[in-house]
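Architecture at a glance
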Amino acid sequence: RARTGLWGVRVDGMSMNYALSKVRGRLLSRAPSAMIVTANALSFYRAKKDPLYREIADSAWLTLPDGAGLVWALKFLGVPVVERVAGIDFMHGLCRLAAVENWPIYLLGSKPEVVSAAAVELERLYPGLKVVGYRDGYFNDSEDQDILQSIRSSGAKLLFTALGVPKQEVWLNRNLPEMDGVVGVGVGGSFDVISG
Ligand code: UDP
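Residues numbered from 1 in each chain as written. Predicted model: local features only at pLDDT ≥ 70, side-chain atom pairs only at ≥ 80, totals over all residues. Heavy atoms only, no water.

1. A look at the overall build of the chain
When its secondary structure is counted, the chain shows nine helices and eight strands. Computed over C-alpha atoms, the radius of gyration of the chain comes to 16 Å, within 12% of the 16 Å expected from 2.2 N^0.38 for 196 residues, which places it in the range of a compact globule. Considered along the principal axes of its C-alpha atoms, the chain spans approximately 45 × 35 × 35 Å. Here the chain, with 196 residues, has 53% of them falling under the buried criterion. A fraction of 75% describes how many contacts in the chain between residues 6 or more apart in sequence connect residues 24 or more apart. Of the roughly 9000 Å² that the chain leaves accessible, carbon and sulfur atoms contribute 52%. (Helix = DSSP H or I, 4+ residues; strand = E, 2+ residues; numbered from the N terminus. Rg over C-alpha atoms; globule rule 2.2 N^0.38 Å. Buried < 20%, exposed > 50% of the residue type's maximum accessible area, 1.4 Å probe, protein only. Contact = heavy atoms within 4.5 Å. Areas by Shrake-Rupley, 256 points an atom, 1.4 Å probe, with all protein chains shown as cover.)

2. What about the environment of lysine 22?
Structurally, lysine 22 is set in helix 1 (residues 16-28). Separated by 132 residues in sequence, lysine 22 and serine 154 place their C-alpha atoms 23 Å apart.

3. Section: the packing of helix 2 (residues 41-49) against helix 3 (residues 51-59)
Packing of helix 2 against helix 3 brings their axes to within 6 Å, and their N-to-C directions diverge by 120 degrees. With respect to each other, helix 2 and helix 3 are oriented oblique. Pair helix 2 / helix 3 crosses with left-handed handedness. Seen from helix 2, the contacting residues are Ser43, Arg46, Ala47, Lys48 and Lys49; seen from helix 3, they are Pro51, Tyr53 and Arg54. (Axes fitted to C-alpha atoms, helices over the stretch in contact; angles between N-to-C directions. Parallel < 35°, antiparallel > 145°, perpendicular 65-115°, else oblique. Left-handed = near helix turned anticlockwise from the far one by under 90°.)

4. Here we look at the packing of aromatic side chains
Under the definition given, this model contains two aromatic pairs. Judged by centre distance (5.3 Å) and plane angle (10 degrees), the rings of tryptophan 72 and phenylalanine 76 are stacked. Highlighted residues: tryptophan 72 and phenylalanine 76, both in helix 4 (residues 68-76), separated by four residues, approximately one helical turn. Of the two residues, tryptophan 72 and phenylalanine 76, neither departs from the other in class, the shared state being exposed. (Phe/Tyr/Trp six-rings, centres within 6.5 Å; stacked < 30°, edge-to-face > 60°.)

5. Brief notes about helix 2
Looking only at helix 2, the buried set comprises Ser43, Phe44 and Ala47. Taken end-on, helix 2 shows its buried residues confined to a sector of 100 degrees, consistent with a single buried face. Those residues of helix 2 that are exposed and aimed more than 90 degrees away from the buried face are Leu42 and Lys49. Two to three positions downstream of the cap, the backbone nitrogen of leucine 42 sits 3.0 Å from a side-chain oxygen, assigning the N-cap of helix 2 to asparagine 40. (Arc of directions from axis to C-beta. Polar contact = N/O pair within 3.5 Å; in protein donor to acceptor, adjacent residues only side chain to side chain.)

6. Comments concerning the site of the ligand
Neighbouring the ligand are Gly109, Ser110, Gly137, Tyr138, Ala162, Leu163, Gly164, Val165, Lys167, Gly188, Gly189 and Asp192. In this structure, an oxygen atom belonging to the ligand sits 2.7 Å away from a side-chain N or O atom of serine 110. In this structure, tyrosine 138 approaches the ligand through a side-chain N or O atom, which is 2.8 Å from an oxygen atom. Calculation on the ligand without its partners gives an accessible area of 530 Å², and the protein chains cover 63% of this total. (Near = heavy atom within 4 Å.)

See below:
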């Protein structure tokens, strides 16, 4: 898989199905917690100017190209990339897999009524899926320990953060090491889309 990148950020130019199989392998092997970034052209532009975001995106376990323009640009630059992996599609793919594999999921972010509606809708869409916890994305740093405790005791294996870029990646980068074998993905506005 491609590990070359753009503006100092590595891109994994793999298909969505391959990325899903990587997550499955990782969770089955009980590996340490890891982050997936779905990055669009704006994220890369941000990375160019924001060293912390660049470092996080570059060192994430997987950085997937979310955006048709980005995929076009990467191909133009000769970076091998199979297809666009949109954050929202990837989240649906992960939830479908989570329902089959019995991986509990946790949703963190968006407004309270949005995240609760997204939890209900995901369980409706994917019978067997367990949303073991959720919480809105309007909190301050002093609440991190509380949230961490809630995620840890929920037993979640997949954690979706919808706090906007780069907050969702910064939060995961800081807090994932305190979790036990969790795969975390920043999904931007996806809860808003799912909740309708
Ligand atoms: N959001 C949040 N906490 C914040 C800021 C944003 O939970 O402090 C949520 C917001 O409600 C929305 C999601 O993050 O559901 C994505 O926000 P936005 O569209 O602004 O970010 P982008 O996807 O453009 O990075």
